[in-house]
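# Reading the structure
Each chain, letter by letter, is given below.
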Amino acid sequence: MRTEGKGLSWRKIGVLLALAALLVLITVWAQSYYSKKVFHMEDIKYSKYADSGNGTIEYRIIWPRGANLCPCR
């Protein structure tokens, strides 16, 4: 008794494993990207840099690509 065509081929298993790996990579990237807290003020994006523990928090500017925010011309 033969069971041809009833199981998964190696190609289908490889495609499913590649899709699962891609899904894991997207999930890890999205979690790290969307968990970063930022705020905008006067069209400049800031993110938390350091928390000294005594009530002061330091924020840093996230520079947009190609932006020239220097007022000196």
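Scroll up for the structure.
Let me begin by describing the structure that accompanies this report.

Criteria and cut-off values
- Residues numbered from 1 in each chain as written.
- Predicted model: local features only at pLDDT ≥ 70, side-chain atom pairs only at ≥ 80, totals over all residues.
- Heavy atoms only, no water.
- Pairing = 2+ DSSP bridges.
- Helix = DSSP H or I, 4+ residues; strand = E, 2+ residues; numbered from the N terminus.
- Salt bridge = Lys/Arg side-chain N within 4 Å of Asp/Glu carboxyl O.
- Contact = heavy atoms within 4.5 Å.
- Axes fitted to C-alpha atoms, helices over the stretch in contact; angles between N-to-C directions.

In terms of strand pairing, strand β2 (residues 44-51) meets strand β3 (residues 57-62) through six bridges, oriented antiparallel. Within β3, the position partnered with Ser47 by the bridge is Arg60. Counted along the chain from β2 to the antiparallel partner β3, the turn is five residues long, and its residue Gly53 has a positive phi close to 95°.

Moving on to the pattern of salt bridges. According to the stated counting rule, one finds one salt bridge in the structure shown. A salt bridge links Arg60 to Glu58, with the nearest nitrogen and oxygen atoms 2.8 Å apart.

Along the chain, Lys37 falls in the loop between α1 (10-34) and β1 (38-41). Taking the C-alpha atoms as reference points, Lys37 and Ser47, separated by 10 residues in sequence, lie 6.3 Å from one another. Non-local contacts of Lys37, meaning those with residues more than four positions away in its chain, are made with Tyr46, Ser47 and Lys48.

Moving on to the sheet that holds β1. The three strands are arranged β1-β2-β3 in an open sheet whose pairing can be described as antiparallel. A single partner strand is all that each edge strand has here, and the edge strands are β1 and β3. Taken over all neighbouring pairs, the strand axes of this sheet differ in orientation by 40° on average, direction set aside.

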